[in-house]
Amino acid sequence: MLEAVPATRSDDLDVALLPKIDLHTGYHPTLINTPPAGHRVQPANASHVFLFPEQVGFPHERFHLGEFVEVEGNVDLVHAARWPVLGAGAWVVDMDDLLYPVLCGRTAIDAGLRVKMRERADKDFLAQLELRVANMLTAYAHPSCAAILLWGHPRDSIVAAADWFASLNCNRLGNAFLEKVVPIRPAKAAYDPSLISAKWAGQQALRVVFCGRDFDCKNGLMALRVMQRVRAVVPTIECVFIGPVPDEIQQQQPGLLDGISHRSSLGHDECVEMISLAHLLFHPSKYESMGLVFIEAMAAGAAVLTARGDRMDYVDELFASGGAILVDRDEVPAEAEEAAFERGLLSLATNFQLAKEMGLRNYSLVAHGEYAISERDKVLTRVYETARAGRCPPLTLDDLPHVRRGGVLRLPSSKVQADELRYRSTHADCALNVYI
């Protein structure tokens, strides 16, 4: 049921997708496997270039004044994940969060830095931050960058970015950056309709999947408690929990996983396969940016139970046609939220036809509607053609306003990845998610 890699022609335009270590496990494989017609998108290696304000240090631990990537060899076009590209005459970049790469990049996993970001009170840090932002915005504003593809919510992301740029005296550069932003919907190839029909055939027991590697962020404890209470009322419901459950939770609440199929760790393809077999995605997450997990469920013809409101960016647009039961966090008090999710799950566990109607509505949006691959390709083709036509002298470090300071560090992706693993192994409080 996974996507097939299409045949390519010798005259297809080569697009180098890089760096490999920063490619998203969801939307970038879809781009590789189902590229726009006339294009061949291939993952590529890159070198990472870091600028430091004082002496050179570890990129996940020491705040730096910019990160950039350099492609290896000559390519027609570069499609970068997050970072500005040095040495290429035509490139585009994609982001799910406009602020993460511009403000602090890899050091966002540091707990102390995140406190400084929230408080905005450390004047020395803000002075360094202003230098970084000027470097990064200058790079993205360079003529060799044709567009900034935004997978995250355009309204919320742009408002937040504009606020930060104004506070750091970078309005002019910030406006140049924001003018290049091109919203693009996450998309995925819909599954074969015969597979969807087979899944919903007859009056079956509802199969529910929860998927989240961050137990706290995705509200894993709430999901398990809700599943157990609904199982007590509807014993035929099938519940699958994908993701780790902390040992202390299992010790404090024995029986929490009784009767639930638990997979503590699955690869992306295995997770997608589990979602493809589900009738319902139960996703009570505290926040969700681009909502790719919802697109996965929609492509599989599954109904959805989730929340709407603050930090649930795409939910209202995704499910405007009625493919989900939404717990409204603007209306439901926090202490009543769990009961609201329980009512939603119980209503679908006892009404298979309602769940089926919701799942098929979602499927149609991915198969034929605004979340179809064809709609994504209209945007990508236009952006790629603009980039190729506007090819110009590439971005160099000499184009940046604040480069000759503490030093320049070049690392292969393998060394950058090793540095992250080193940092995480020695800092228990580092962030799993890096959204600003």
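Quick caveat, the model's predicted, so the values are computed rather than measured.

Novice: An account of unusual backbone geometry is needed here, citing residue identities and associated values.
Specialist: Following Leu18, the chain continues into Pro19 via a peptide bond in cis, with omega recorded as -5 degrees. Here Pro19 shows up in the loop between strand 1 (13–18) and helix 1 (27–33). You will see that Arg82, though not glycine, has its phi angle at about 80 degrees, which is positive. Its place among the elements puts Arg82 in the loop between strand 5 (77–81) and strand 6 (85–86). Of note, Arg120 is a non-glycine position whose phi angle comes to about 50 degrees, a positive value. With respect to the secondary-structure elements, Arg120 resides in the loop between helix 3 (111–119) and helix 4 (123–141). The class for Arg120 is partly exposed, based on a relative accessible area of 33%.

Novice: Please provide a residue-by-residue account of the nonpolar core, values included.
Specialist: Counting 88 residues, the largest nonpolar core has Leu206 and Phe294 as the members making the most contacts within it. Counting residues in hydrophobic clusters, the runner-up holds 54 residues, among them Leu98, Leu131, Cys170 and Leu397.

Novice: Pulling in residues and values, what's your account of the confidence of the model for the protein chain?
Specialist: Averaged over all residues, the pLDDT of the protein chain is 92; the fraction at 70 or higher stands at 96%. In this model, residues 1–6 is a region of pLDDT below 50 whose contacts with residues beyond four sequence positions or in other chains number 18 contacts.

Novice: Run through the sheet that holds strand 7 (residues 91–95), naming residues and quoting values.
Specialist: Taken in spatial order, the six strands line up as 2-1-5-7-8-9 in an open sheet, and their pairing is parallel. Each edge of the open sheet is held by one strand with a lone partner, namely strand 2 (39–43) and strand 9 (181–183). Between one strand axis and the next, the sheet turns by 25 degrees as a mean value, whatever way the strands run. Helix 15 (residues 373–389) rests against strand 1, strand 2, strand 5, strand 7, strand 8 (145–150) and strand 9 of the sheet, and its axis sits at about 160 degrees to strand 8.

The rules behind each value
Residues numbered from 1 in each chain as written. Predicted model: local features only at pLDDT ≥ 70, side-chain atom pairs only at ≥ 80, totals over all residues. Heavy atoms only, no water. Helix = DSSP H or I, 4+ residues; strand = E, 2+ residues; numbered from the N terminus. Buried < 20%, exposed > 50% of the residue type's maximum accessible area, 1.4 Å probe, protein only. Core = buried A, V, L, I, M, F, W, Y, C linked by side-chain atoms within 4.5 Å. pLDDT = per-residue confidence, 0-100. Contact = heavy atoms within 4.5 Å. Pairing = 2+ DSSP bridges. Axes fitted to C-alpha atoms, helices over the stretch in contact; angles between N-to-C directions.

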